[in-house]
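So you can see what is in the structure, the chains are spelled out below.
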Amino acid sequence: MARDAMGYALSALNHLAGSGVLDRLGVRRTAENISYYLSRSSFSAISTSARQFRNLNPLKRPQRLQAPGETRDLFDLNITDEQRMIRESVQEFAREVLRERGEAGDAEQGIAAGTLEQASELGLTLFAVPEALGGAATERSPVTSMLVAEDLAHGDMGQAIAILAPVSVANALTQWGSAHQQGTYLVEFAGDHPPVATIAVSEPAPLFDPLRPACTASRRGDHYVLKGTKSLVPLAAQAELFLVAAMTDDGPGVFIVEGGSEGLSVAADPAMGIRASGQGRLVLDGVKVPADNRLGAGDFDYRAFVDLGTLAWCSLAIGTSQAMLDYVIPYANERTAFGEPISHRQGVAFLISDMAIELDAMRMLTWRAVCRAEQGLPFRREAHLARTLVKDKAMGIGTNGVQVLGGHGYTHEYPVERWYRDLRATGIAFGGLHL
Amino acid sequence: MNLEIPKKFRSLVNNAHQVAAGTFRPISRYYDRHEHERPRELDMLASILDGFNEGDPSNSAGAATTGANGEAGAEGVRNGSNMGVCLGAMELCYGDVALMLSLPRQGLGNAAISAVATDEQKQRFDGKWAAMAITEPGCGSDSGAIRTTARREGDEYVLNGEKIYVTAGERADCVVVWATLDPSMGKAAIKSFVVEWGTPGMELARLEKKLGIRASDTAAIHFQDCRVPAENLLGSPEIDTSKGFAGAMQTFDNTRPLVAAMAVGCGRAALERLKELLADHVNLDYDQPVDNGSAVEAEIYRMEAEWESAYWLTVRAAWMADNHQPNSVQASMCKAKAGRVGNWITLRCAELAGTLGYSEEELLEKWARDSKILDIFEGTQQIQNLIIARRLLGLSSSELR
């Protein structure tokens, strides 16, 4: 429809009012000065550069771990005794600690130091580092990582991400790192104070495609120079080590960037949910990274790197969706309306049974993709289908869970509104994690 | 944990696929147009399938072998006949659902016999094609409301009542009939009886004309003072109110994954054909995030993801049956999911193919009609939801009605 006189008048008025507001607040913000604005008002250089990463005991070749055991040629949904034991301790931690602190983590936009300390007692980081490098891992099991992610997110998704981000960096270095990279960085994860580390893949743009990052890495002699902006980076402000996805002349790659590098700055970027993960934006303004810090030792598979992150998000979504289902069942049985529990009505009961059906549908696709990844089979199709299903169904479970609680569900009195916000991250987030 | 289909099922899947592509597809349209005409091509095929079953029961594709179990692998995990039957049904229904339902000696009645019959009964009914008769004019999903009666007289039961929607009811050798020993005793009094065609008092009332699965006969059968030997009662003749309906219903734990498998097979047929028709219009490389491609690419990815989840939910339920794990909820889940997904995919594929999809030139419109029954029989999606919801919420059938 063409603009008429009234339309032009309203538009002009809008301009006037808008500029007045901007001037009063002093935050005039246009496309030209956006970087100036960001750097002045909120971005800060990363100060956590105290840690020196040094390659003290050079390795001859990278330490790679095998998948656990030999796989029998039988369809089998059972988990191992070891996985069952790990799950039990993780589930207890998620129930007793993460769930209790869910609301606080959301409000404070971060995970409590004490919680991280308690989480470290689970030994997740240590079990991500090979024995030969001082860790405790004799095998590498994405399936176990998937189950751990699911169980942590059953407690709280935001805190789960904060706990898993450093573990994910260790997983990635174990799976892909060169001898130099493992000797310099991975060994640190086996120490008493493993580095705060995180993975930066997503970028602040609609329809972001992780296979085509706008962030660039240009080769300059024995360095790469990184330029671009990353978003939804867990632990962005605290991290001492980053894995950053960037486009090179020969396709997308991942670069190990130390906190404190010149040109690296970070800003808080609070979002709708998963706030306890401390997500932020990362700006790389000509950050120089040694060529040796390009992740990989000849066997690097960028797509698999991205997909193992995507599948971690699927696992988190499953855990939070399970929390939602477990919460609405007793609620629907206890809440009465018209003289009987609301669960006695098909309109409510069928919402809940559908949540259960779709939750298991999500689980089957995610499990299948991760099992294939663990067995070294191609899994890009399976990861793609899992993400496609999970992002829709998890959000469906999120919105229907709030619906069951009605007005109650919309308030902070109940955790379901937070889970609703957390679950929207599914389908948006890339990177951050690595099974 | 391992979510791959073991190699030992490869020949079964391949054989079933050959039947689907080589035997079913070429005659699919003909028998859709000639409703009630018996597909003679299937008689010889059934003999071949019998050969498969006898040679390797745990790896055979017939409904008659649900309930049996394959050899246990290390640590006692089984991938047995329930899984095999589901995988076979997926392939056969990739060919044609109605023709699969018309395969002699592979009826749902055979599954019931296999699930609850004594060894003596299994031997006596061996080689017989058995249909299943549950529904009545006054009771559909509400099996507890069955009004057909079975009155004990000496060594016989006397059956009176009317059964409808009996799949393969006319063509089968016998019918497994659900009837009540005492209408005042509720569900616990409902028993199933094998009634052979030719028994006096058993009469074919009519054959239905249907929306789809037209190659499969759907019979209405009338029973008037029909005398059945007492030893044709399946399971216990006692009315055990503590067990309630459980005995009769346990058949469903094996047959619901089978019907889910049919929906999975039918859905795959439509999705594959649509991909062929759209080959020049889409680029399906699983590279771009689903929302970054064209609308039709996104829709195909969504259909494939939904389809794949229905597939694995079905395999899970069958795996649990093979391993003697209680699977009522999971059987209902896969039935509900596969039923609705199969129907949605076939209808959507017909739509996306335009007039080609709607025309009888393609089979897409037929699959879109066939798939609807798979969301209805063996328990509608709504009945599956009731079963799942009652179990999750811990509610009785009087609380959640």
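Residues numbered from 1 in each chain as written. Chains lettered and ligands numbered in written order. Predicted model: local features only at pLDDT ≥ 70, side-chain atom pairs only at ≥ 80, totals over all residues.

Going by what an unreviewed UniProt entry lists, chain B is known as Acyl-CoA dehydrogenase and is assigned to Halovibrio salipaludis. Turning to chain B, the UniProt record has this under Cofactor (unreviewed entry): "FAD". UniProt's Sequence similarities (unreviewed entry) comment on chain B is quoted here verbatim: "Belongs to the acyl-CoA dehydrogenase family." (UniProt positions renumbered as here; feature names shortened; annotations may be inferred.)

Under the annotation held in an unreviewed UniProt entry, chain A carries the name Butyryl-CoA dehydrogenase and is attributed to Halovibrio salipaludis. According to its UniProt record, chain A has this under Sequence similarities (unreviewed entry): "Belongs to the acyl-CoA dehydrogenase family." UniProt, in its Cofactor (unreviewed entry) section for chain A, records the words "FAD".

1. Looking at the overall build of chain B
A tally of regular secondary structure across chain B gives 12 helices and 8 strands. Taking 2.2 N^0.38 as the reference for a compact globule, 401 residues should give roughly 21 Å; the C-alpha atoms of chain B span a radius of gyration of 21 Å, in line with that estimate. The principal-axis extents of the C-alpha atoms in chain B amount to approximately 70 × 45 × 45 Å. Looking at the 401 residues of chain B, the share that counts as buried comes to 55%. Intrachain contacts of chain B at a sequence separation of at least 6 include 73% that bridge at least 24 residues. (Helix = DSSP H or I, 4+ residues; strand = E, 2+ residues; numbered from the N terminus. Rg over C-alpha atoms; globule rule 2.2 N^0.38 Å. Buried ≥ 20, exposed ≤ 12 C-beta atoms within 10 Å, placed from the backbone. Contact = placed C-beta atoms within 7 Å.)

2. As for the domain arrangement of chain B
Residues and elements named next belong to chain B. Along its sequence, chain B is organised into domain 1 (7-121), domain 2 (128-234) and domain 3 (246-393). On the domain 3 side, the residues contacting the 7 residues of domain 2 number 9 residues. In terms of residue class, the side of domain 2 that touches domain 3 is made up of 4 nonpolar, 3 polar and no charged. (Domains from an automatic or database assignment. Nonpolar A, V, L, I, M, F, W, Y, C, P; charged D, E, K, R; others polar.)

3. Structural notes on the interface of chain B and chain A
Many structure descriptions define interface size as the accessible area lost when the parts assemble. Of the residues lining the interface, 42 residues belong to chain B; the matching set on chain A comes to 38 residues. Sorting the residues of the side of chain B that touches chain A by element identifies α8 (295-322), α9 (328-352) and α12 (381-393) of chain B as the ones contributing at least two each. Per-element accounting of the side of chain B that touches chain A gives the leading share, 12 residues, to α8(B). Of the residues assigned to the side of chain B that touches chain A, the class counts are 24 nonpolar, 7 polar and 11 charged.

4. Regarding the UniProt feature "domain: Acyl-CoA oxidase/dehydrogenase middle" (unreviewed entry) in chain B
This chain's UniProt record puts "domain: Acyl-CoA oxidase/dehydrogenase middle" (unreviewed entry) on residues 131-226 of chain B. The span residues 131-226 of chain B shows a helical share of 0% and a strand share of 51%, and its end C-alpha atoms are spaced 17 Å apart.

5. Focus: helix α10 (residues 346-374) of chain A
Residues and elements named next belong to chain A. Look at α10: 41 Å from first C-alpha to last across 29 residues, which is about the 42 Å you get at 1.5 Å a residue. Counting buried residues in α10 gives 26 out of 29 residues, a clear majority hidden from the surface. One or two steps after α10, the chain reaches Gly 376, where phi turns positive at roughly 75°. (Expected span 1.5 Å × (residues − 1).)

6. What to know about the nonpolar core
Within the largest apolar cluster, 250 residues are counted, with the highest numbers of intra-cluster contacts made by Leu226(A), Val244(A), Phe255(A), Ile352(A), Val175(B) and Met262(B). Here the element with the most residues in this core is α10(A); it accounts for 17 residues. In contact with Leu226(A), not counting residues within four places along its chain, are Cys215(A), Ala217(A), Val244(A), Ala246(A), Phe255(A), Val257(A), Leu284(A), Val287(A) and Val289(A). (Core = buried A, V, L, I, M, F, W, Y, C linked by C-beta atoms within 7 Å.)

7. Here we look at unusual backbone geometry
Residue and element names in this part refer to chain B. Unusually for a residue other than glycine, Asp 225 sits at a positive phi of about 45°. Along the polypeptide, Asp 225 turns up in strand β7 (residues 218-229). Assessed through the 11 C-beta atoms surrounding it within 10 Å, Asp 225 is described here as exposed. One non-glycine residue, Tyr 286, adopts positive backbone phi at about 60°. Within the secondary structure layout, Tyr 286 lies in the loop between α7 (246-277) and α8.

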